[in-house]
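So you can see what is in the structure, the chains are spelled out below.
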Amino acid sequence: MSTRSALRAPHPAETTKDFAADVIAGLTAKPKYLPPKYFYDLTGSGLFDRITSLPEYYPTRSELGLLTKHAPEIASLFPPASALVEFGSGSSRKARILLRTAASLEAYVPVDISGDFLHEDAVRLRRDFSHLSIIPVVADFTAMTELPPEIAVMPRAGFFPGSTIGNFEPHEACAFLHRAGGILGAGAVLIVGVDLEKAPDILYRAYNDAEGVTAKFNLNLLVRINRELGANFDLAAFEHHAFYNAERHRIEMHLASTKRQKVRIGEATIEFRAGETIHTENSYKYSVESFQALALGSGWSPLKVWTDGLFSVHALRTT
Ligand code: AVJ
């Protein structure tokens, strides 16, 4: 059900040591921050799954609707006999919509950091799409530099749904698009899902749901730090804050300390002022035009875009 990670265990490469180092670096920085990739432990992935079906959280529903409605047209843009490469495939739920429609595809290459999940999913994909070569790649898609040799001679299409690109700073999104163009090669097509800028109250509600699932998802980072790094965060002394920063076109999520307090993480002690926050996530929002401009500056020409007024799916071709 999730865009990027149905229930999955952390990748073995994502060691406790990296986690500890990233947490200490983020919490000793000014202002304090934590990398959003750490949201997705088993509990966090489950909470994100629940977010995707909340009435206020429109992106997943919108994108699934757009992919379903426009699948034939999207599939018609894939080069003949091509391989579809998905960056951060999770459960492949969205790719399946395209795989069902795109008769011209020869291979599907889901790239994900979670090997267990990927290999389980590959078994199901081979059963459901017996005409396709299913070639899972266990990798951090932001660090991936090459494709499997099996698809070396095939033309490629790329797929990056879920508005995961919104987690990147715009300059990082540009760098990712550049690298994706290099990996996919000349003549490649990229299908990318991008959440749209819209009335701030709609954005606000999508990250401040009535049931409090997003708050739980955000606070779960502290639960995870307590459990995995032996910290003593008092969960009752931190609050979920999410708001739209219109100037920077992004939703910001923070965890705000309700009082002056000290928290111990292993050997380290971190001090909080009353009201001080840990910045846990940015979710950038684009207009159709601002995303097309970003793509053009990153080696991609806009081919076509589909929107429902809330969310956009872009088709790009390497320039
Ligand atoms: C998975 C990064 C697209 O930004 O909307 C959902 C994550 N955070 N609710 C998003 C998220 C809070 C989501 N992305």
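Cut-offs and rules
Residues numbered from 1 in each chain as written. Predicted model: local features only at pLDDT ≥ 70, side-chain atom pairs only at ≥ 80, totals over all residues. Heavy atoms only, no water. Pairing = 2+ DSSP bridges. Helix = DSSP H or I, 4+ residues; strand = E, 2+ residues; numbered from the N terminus. Near = heavy atom within 4 Å. Areas by Shrake-Rupley, 256 points an atom, 1.4 Å probe, with all protein chains shown as cover. Nonpolar A, V, L, I, M, F, W, Y, C, P; charged D, E, K, R; others polar. Core = buried A, V, L, I, M, F, W, Y, C linked by side-chain atoms within 4.5 Å. Buried < 20%, exposed > 50% of the residue type's maximum accessible area, 1.4 Å probe, protein only. Contact = heavy atoms within 4.5 Å. Phe/Tyr/Trp six-rings, centres within 6.5 Å; stacked < 30°, edge-to-face > 60°. Lys NZ or Arg CZ within 6 Å of the ring centre and 35° of its normal.

Looking now at the sheet that holds strand S9 (residues 250-257). Taken together, four strands build an open sheet; the order of strands is S1-S12-S9-S8 and the sheet is mixed. Both outer strands of the open sheet, strand S1 (32-33) and strand S8 (238-245), are each paired with one neighbouring strand and no more. The pairing of S1 with strand S12 (residues 277-284) spans two bridges and is parallel. Bridge assignment links Lys 32 to a residue of S12, and that residue is Ile 278.

A word on the site of the ligand. Around the ligand sit 14 residues, and of these Tyr 57, Gly 162, Tyr 207, Glu 281 and Ser 283 come closest. For the ligand, the accessible surface in isolation is 350 Å², of which the surrounding protein chains cover 99%. When contributions to the shell around the ligand are tallied by element, the ones reaching two or more residues are helix H2 (42-52), helix H8 (213-229) and S12. Class assignment for the residues of the shell around the ligand results in seven nonpolar, five polar and two charged.

The next thing to look at is the nonpolar core. Residues Ile 225, Phe 233, Phe 238, Ile 265 and Ile 278 are the most contacted members of the largest nonpolar core, which totals 37 residues. Looking at this core, the elements that each hand over two or more residues are helix H1 (16-28), H2, helix H7 (200-206), H8, S8, S9, strand S10 (261-265) and strand S11 (268-272). Sort the elements by how many residues they give to this core and H8 lands first, with seven residues. Residues in contact with Phe 233, not counting those within four places in the same chain, are Leu 27, Leu 222, Ile 225, Asn 226, Phe 238, Val 263, Ile 265, Phe 272 and Ile 278. Formed by 34 residues, the second largest nonpolar core is a distinct cluster that contains Ala 107, Phe 141, Phe 160 and Ala 188.

The next subject is the pairing of S8. The two faces of a sheet get side chains in turn, since along a regular strand they alternate between them. Looking at chain direction, S8 and S9 are connected through eight bridges and run antiparallel. Its bridge partner being in S9, Phe 243 is matched across the sheet by Glu 252. In sequence, S8 turns back onto S9 through a hairpin of four residues, with His 249 there showing a positive phi of about 55°.

On inspection of all chains with the given rule, the structure shows 19 aromatic pairs. Between Tyr 57 and Tyr 207 the ring centres are 5.9 Å apart and the planes differ by 80°, which places this aromatic pair in the edge-to-face class. Highlighted residues: Tyr 57 in the loop between H2 and helix H3 (59-76) and Tyr 207 in the loop between H7 and H8, separated in sequence by 150 residues. The pair formed by Tyr 57 and Tyr 207 is uniform in burial state, with each residue classed as buried. Here Phe 87 and Phe 160 contribute two aromatic rings whose centre-to-centre distance is 6.3 Å and whose plane-to-plane angle is 85°, an arrangement assigned as edge-to-face. Of this pair, Phe 87 sits in strand S2 (residues 82-87) while Phe 160 sits in strand S6 (residues 156-160), and the two are 73 residues apart along the sequence. Looking at Phe 87, the relative accessible area reads 1%, which means it is buried. Using a relative accessible area of 1% as the deciding quantity, one classes Phe 160 as buried. We note Lys 32 situated over the ring of Phe 272; from NZ or CZ to the ring centre the distance is 4.9 Å. Residue placement shows Arg 224 over the ring face of Phe 19; its charged tip is 4.7 Å from the ring centre.

Nothing here speaks to function; it is all geometry.
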